[in-house]
Structure formats: C-alpha cells, structure tokens
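Observations on chain architecture
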Amino acid sequence: ILFNVCMNKIKEEQPDILINTDVLKDIIKIFTEEWSVTLTKLEQKLREIKRRKKIGLMTHVVVGYPTLDATIRIVKIMAENGVDFIELQIPFSDPLADGPTIMRACEKSLRNGTRVKDSFTMMKLLSSQVSVPLLFMAYYNTVFKYGVERFCKDAKLAGASGLIVPDMPVDQEN
C-alpha cells in the first residue's frame, strides 16, 4: 500500500527505469516474513484509524536535516502532537520522487555528513522513545548498496515499522 503513493508518479516520469525484479521480490519476502512482530504496531494504528473513521496523518523528516539532534527533537514533537505515522527519510543524493524542498533537505543533510548508519542509529533511539509507528523511506539504490537482506533485517532490529521504497515498481509489490 505504502509503495503505491510515489510509484505512479515515478512510472509516469521514468517509464524506462530498470530495476532488478528478483532483488525487489527478495525485499518483499524479507519484509513480510521477518517483520511480522513490528508490523503489528503499524497494523494496529491502521485499524485504529479505520475504527475511528478518521484520516491518518503521516509526517516526514529527512534524517540529519537540519541536524541529527534537531531531527530527534522534531520527531518527538510530531509524536507528542498526535501524528499517526512518521516517515524517516534516509538522505539520498538524487531523490527522484521528491520535490525541491525535500531535495534541498537531503542535500543539506548529506553535506552535514549524515550516513545510512546514522539513520539506523536514529531509528533505534526514536523507536524506543515514541509510540508512533516509524517508517524508513529509502531509495532502492540505498537499499541495494547496503544489501537488501541486511537492510531489511537491520531496519527491523532498529525498530522500523515498515519501509517506503518509492522507486520500486508497483508490479513487484506482491
């Protein structure tokens, strides 16, 4: 479900994008098999939203923007003020599915020296301090370079409730 949000836009703008579908299938397999306990938190929030017949609110931060410490404070403020989900975007040098504001935030975060390992450290810290489901948003190149299985397992261990990979083809979700 979460992958669909950005994928339609990517398919429109980048119809010729080539992605290794076998690796994407591995992401989905690992995600569904390994994340059953963590997904419960996400599923509970989705059921609560449905039961209350309200619109859920997912907010977004780029890890390390404007600084790592500021990101932590921002996420805690979001959680304290009733958001339903928080997306922690791992900064990427060429975020195709993002507009100019998020692109600039990624650039600043990367200039500050933010690395993928910082995102995992932040997820681990925040997932122990807030009750809101936290999701990683990462571009496929980041996941692939890190190692698909390792990325999924480390994200789970860090407390991520899910992944958003916007440049993953929609037809690979199942």
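This text gives an overview of the structure that appears in the document. No experiment lies behind these values; they were computed from the predicted model shown.

**What to know about the packing of aromatic side chains**
Taken as a whole, this structure holds seven aromatic pairs when the rule is applied. With a centroid separation of 6.2 Å and an interplanar angle of 45°, the aromatic rings of Phe136 and Phe151 are classed as tilted. With Phe136 in strand S3 (residues 134-137) and Phe151 in helix H8 (residues 148-158), this residue pair connects regions lying 15 residues apart in the sequence. Side by side, Phe136 and Phe151 carry an identical accessibility label, which is buried. An aromatic cluster is defined as three or more aromatic residues linked by ring pairs; in this entry it consists of Phe120, Phe136, Tyr146 and Phe151. The ring of Tyr146 is capped by Arg150, whose NZ or CZ atom sits 4.0 Å from the centre of that ring.

**A short note on the packing of helix H6 (residues 116-127) against H8**
Helix packing geometry: the angle between the two helix axes and the distance between the axes. Relative to each other, H6 and H8 sit at 30°, their axes nearing to 8 Å. Taken together, the axes of H6 and H8 lie roughly parallel to each other. For the pair formed by H6 and H8, the contact residues are Phe120, Met123, Lys124 and Ser127 on the first element and Phe151, Asp154, Ala155, Leu157 and Ala158 on the second. When its residues are assigned to classes, the contact of H6 with H8 shows six nonpolar, one polar and two charged.

**Points about the layout of surface pockets**
Where empty space is left in the structure can be found by rolling a water-sized probe over the atoms. A volume near 260 Å³ is recorded for the second largest pocket. Tallying contributions element by element places helix H7 (residues 140-146) first for the lining of the second largest pocket, with four residues. Per-class residue counts for the lining of the second largest pocket are five nonpolar, four polar and two charged.

**Considering the pattern of salt bridges**
In total, this model carries six salt bridges according to the counting rule given. With its nearest N and O atoms 3.7 Å apart, the salt bridge here joins Lys45 to Asp84. With Lys45 in helix H3 (residues 36-51) and Asp84 in the loop between helix H4 (68-80) and strand S2 (85-89), this pair connects stretches of sequence that are 39 residues apart. Comparing Lys45 with Asp84, the two get one shared label, buried. With a closest N to O distance of 2.8 Å, Glu48 and Arg52 form a salt bridge. Among the charged side chains, a salt-bridge network with shared partners connects Lys45, Glu48, Arg52, Lys54 and Asp84.

**So, the environment of Gln129**
One can find Gln129 in the loop between H6 and S3. Residue class for Gln129 comes out partly exposed when judged on its relative accessible area of 39%. In sequence terms Gln129 and Ala79 are 50 residues apart; their C-alpha atoms lie 9.6 Å from each other.

Parameters at a glance
- Residues numbered from 1 in each chain as written.
- Predicted model: local features only at pLDDT ≥ 70, side-chain atom pairs only at ≥ 80, totals over all residues.
- Heavy atoms only, no water.
- Phe/Tyr/Trp six-rings, centres within 6.5 Å; stacked < 30°, edge-to-face > 60°.
- Helix = DSSP H or I, 4+ residues; strand = E, 2+ residues; numbered from the N terminus.
- Buried < 20%, exposed > 50% of the residue type's maximum accessible area, 1.4 Å probe, protein only.
- Lys NZ or Arg CZ within 6 Å of the ring centre and 35° of its normal.
- Axes fitted to C-alpha atoms, helices over the stretch in contact; angles between N-to-C directions.
- Parallel < 35°, antiparallel > 145°, perpendicular 65-115°, else oblique.
- Contact = heavy atoms within 4.5 Å.
- Nonpolar A, V, L, I, M, F, W, Y, C, P; charged D, E, K, R; others polar.
- 1 Å grid on protein atoms, 1.4 Å probe; cavity = no way out; pocket = protein on both sides within 12 Å on 5 of 7 lines; lining within 4 Å.
- Points joined across faces, edges and corners; volume = space filled by probe spheres on them.
- Salt bridge = Lys/Arg side-chain N within 4 Å of Asp/Glu carboxyl O.

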